[in-house]
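One letter stands for each residue in the lines below.
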Amino acid sequence: MGGLSFRSFTFMFIVAFLIWSSNVEISNARRGKHWRQQTRTSSASLYKKKVKYHGNNHHHKSGSKPKPKYSSPPSTPTNPPSKGYTPKNPPSKGYTPTNPPSKGYDNVPSTNIFDVRDFGAKGDGKTDDTKAFQAAWAAACKLEASTMIVPSQYVFLVGPISFSGPYCQHNIVFQLDGTIIAPVDAKSWGSGLMQWLEFTKLVGITVKGSGVIDGRGSVWWQDTPYDDPLDDELKLIIPLNKTLLRHPPTPLNISLSGKMPSIKPTALRFYGSFNVTITGITIQNSQQCHLKFDNCIGVVVYNITVSSPGDSPNTDGIHLQNSKDALIRSSNIACGDDCVSIQTGCTNVYVHNINCGPGHGISIGGLGKDNTKACVSNITVKDVVMQNTMNGVRIKTWQGGSGSVQGVFFSNIQMNEVQLPIVIDQFYCDKRNCKNQTAAVALSGINYEGIKGTYTVKSVHLACSDSMPCQDVTLTNIQLKPIQEHYHMYDPYCWQTFGELYTPTQPPIDCLQVGKPASNKIQADHDQC
């Protein structure tokens, strides 16, 4: 009986222990499951917060575990749906980093659009709309990425005006689809101004559209037709019949109101600005220079038209001074002076795919005037067509200057009946008398490649300084044929020009001296760039 009782007691103890162990495991399993669900829920909450902060750049792992009851965040689609999907900055087809995306008013909020008509502009070509333009600009200036609209089918008479910063917001678009004309009465100009339409101290300014800026410059040209300096290369062009080379400008068809000031304004000027874009517009009949950039960084000009008569005095097409990182391309320029003029302080300038003519070609200079220091470097001019221009590609400096021009590439230039296709003139003088001086701007690394076509006076004129000869001048694939027209014709000319002929040339350029000068004046430290 005792033994039975002991066995019975042992059996009952084992059964009780097994039942207790089972309850403990179930309890732990339940607690464990509940803990895991809590952990997932709190992780999902944190995950959602991260997604909200960082956008859609998230990744999640898939596994064999059962899906939790909460809704998981949506995954990023591999290919976003096309409907309604617009990336922040979609690249346009043929996008080139040097050309910023076009900006316009189609996608601009209505609150950021400022039409000059809403500020009182009449656009009838007779009413002075200057104040309306000032008011529209003042409003656009306050908002980033705003657009000021000059609408099509209207003609706006606008006097001298400055669209100025530096307190304007960035990335303003001046949408020019109509026509802006300049006043032709003397009282609108006072004693004389250097510019008509001016944009100053702005960041990301764009002037674009299909409109026209018309300086109506003939009143200025006619009033003082001979006050302006002449292009000094006229000394090289001798007519066969001794006739005058320069004719008075076209007679006026408008009534004048007094003599115009002797100071002639630039039609469109940009000063002290960053990331400037000009595209689509036409600038015509400027009083003097058509488009000028002073002290600008990051300039892009493309698909514009410049148009003035070939005998309009000093009407440069595009003028660059103290500016860098500039691209000028795919434009048509016809004017009475240099199609593109590159002055002191310019570096990293790329001129590409330009039709030039009439005009005086594409020039670097004049540099060093009045014994000043000039620094120009890294200039490329390529894929250009010159049609009936005075000069082709030219570098001109004054005696007595200092500084340097280096790293210049003229490539693939088509010359069609150009009087002087290739010119270096270090004795430039646009007035009657210039005294001889020893100091000069130093020229080195000047390269001509693929210059082809026809000329009517002299194919090559390389006149370098006696004290500072030109160095590292290279000529490759020069093919220029003479066409007898109305002028005496001359053989290629070189003076103190040193470099290399890499291929035979037409005509032969035997005057270039191979190598480097035996002795060369070393510039003083304060003269170097």
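Per chain, the residues get numbers from 1 upward, laid out in the order the sequence is written. In view of the model being predicted, local features appear only for residues whose pLDDT reaches at least 70, and side-chain atom pairs are presented and counted only at 80 or more, with totals across whole chains, interfaces and linings using the full set of residues. Heavy atoms from the whole structure form the basis of all side-chain values; hydrogens and water molecules are not counted.

Trainee: Pulling in residues and values, what's your account of the pairing of strand 30 (residues 497-501)?
Mentor: A regular strand places its side chains on the two faces of the sheet in alternate fashion. With 4 bridges connecting them, strand 28 (residues 470-482) and strand 30 associate as parallel partners. Residue pairing in the sheet places V473 in a bridge with G499 of strand 30. Pairing analysis gives 2 bridges linking strand 30 to strand 31 (residues 513-514), with the strands arranged parallel. Directly across from G499, in strand 31, lies its bridge partner V514. At least two bridges found by DSSP between two strands are what make those strands a pair. Where helices and strands are cited, they refer to DSSP runs of H or I of at least four residues and of E of at least two residues respectively, numbered from the N terminus.

Trainee: Can you explain the sheet that holds strand 21 (residues 362-367)? Please cite residues and give values.
Mentor: Sheet strands associate in pairs through backbone hydrogen bonding, adopting either a parallel or an antiparallel arrangement. The parallel open sheet is built from 11 strands, whose spatial order is 5-8-11-14-17-19-21-23-25-27-29. The outermost strands of the open sheet, each flanked by one partner alone, are strand 5 (161-164) and strand 29 (493-495). The mean inter-strand angle of the sheet, taken between neighbouring strand axes irrespective of direction, is 15°. Bridge analysis of strand 21 against strand 23 (residues 391-397) gives 5 bridges, and the strand direction is parallel. Here, axes are lines fitted to C-alpha atoms. For helices the fit covers the stretch in contact, and angles between N-to-C directions go from 0 to 180 degrees.

Trainee: Lay out the pairing of strand 3 (residues 147-150) with the relevant residues and their values.
Mentor: Neither face of strand 3 is left uncovered, since the one carrying T147 and I149 and the one carrying M148 and V150 both have all their residues buried. When strand 1 (residues 113-115) meets strand 3, the two strands line up parallel, connected through 3 bridges. If you follow D115 over to strand 3, its bridge partner there is I149. Classification of residues uses two cut-offs on accessible area relative to the type maximum, computed with a 1.4 Å probe and protein chains only: under 20% is buried, over 50% is exposed, and between them is partly exposed.

Trainee: Can you explain the environment of T438? Please cite residues and give values.
Mentor: Within the secondary structure layout, T438 lies in the loop between strand 25 (420-425) and strand 26 (442-455). Each C-alpha atom of the pair T438 and G400 lies 6.2 Å from the other, and the pair is 38 residues apart in sequence. Once residues within four sequence positions are removed from consideration, T438 is found in contact with S465 and S467. It only takes one pair of heavy atoms within 4.5 Å for two residues to be counted as in contact.

Trainee: Please provide a residue-by-residue account of the packing of aromatic side chains, values included.
Mentor: Any Phe, Tyr or Trp ring, taking Trp's six-membered ring, that has another such ring centre within 6.5 Å forms a pair; planes under 30 degrees apart are called stacked, those over 60 apart edge-to-face, and the others tilted. Using the criterion set out here, one finds 13 aromatic pairs in the structure. On the numbers, 5.4 Å between centres and 65° between planes, the contact of W137 with F163 is edge-to-face. Here F163 lies in strand 5 and W137 lies in helix 2 (residues 130-140), a separation of 26 residues in the sequence. There is no split in this pair, since W137 and F163 are both buried. Here a set of aromatic residues connected by ring pairs shows up, and it is made of W137, F163, F174, F199, F270 and F293.

Trainee: Give me the lowdown on the state of the cysteines, citing residues and values where you can.
Mentor: The definition used for a disulfide is geometric: two cysteine sulfur atoms within 2.5 Å. One pass over the structure, following the stated rule, counts 6 disulfides. Note on cysteine connectivity: C429 is disulfide-linked to C434, with sulfurs 1.9 Å apart. Handedness of the C429-C434 disulfide follows from its S-S torsion of about 85°: it is right-handed. By relative accessible area, which is 10% here, C429 ends up buried. Overall, the relative accessible area of 31% leaves C434 in the partly exposed class. Paired through a disulfide, C494 and C511 show a sulfur-sulfur distance of 2.0 Å.

Trainee: So, the side chain of D337: which residues are in play, and what are the values?
Mentor: Note that D337 resides in the loop between strand 18 (324-334) and strand 19 (340-342). Just so you know, the count uses Lys and Arg for positive and Asp and Glu for negative, and it drops His and the chain ends. Any Lys or Arg side-chain nitrogen located within 4 Å of an Asp or Glu carboxyl oxygen qualifies as a salt bridge. R394 is the oppositely charged side chain nearest to the buried, salt-bridge-free D337, at an N-O distance of 4.9 Å. For the purposes of these results, a polar contact is taken to be a pair of N or O atoms within 3.5 Å, where, inside protein, one atom must be able to donate a hydrogen and its partner to accept one; residues adjacent in sequence count only when each atom of the pair is a side-chain atom. A polar contact is formed between the side chain of D337 and the side chain of N314, at a distance of 3.3 Å. Apart from residues lying up to four places away in sequence, D337 is in contact with N314, T315, D316, G359 and H360.

Trainee: Quick one: what's the story with the confidence of the model for the chain, residue by residue and with numbers?
Mentor: For the chain, mean pLDDT is 82; residues scoring 70 or higher make up 74% of the total. Residue range residues 24-104 is modelled with pLDDT below 50. Its contacts to residues more than four positions away, or to other chains, number 37 contacts. Values of pLDDT, the confidence the predictor places in each residue, fall between 0 and 100. With pLDDT under 50 throughout, residues 246-257 is counted as low confidence; its partners more than four residues away or in other chains account for 25 contacts.

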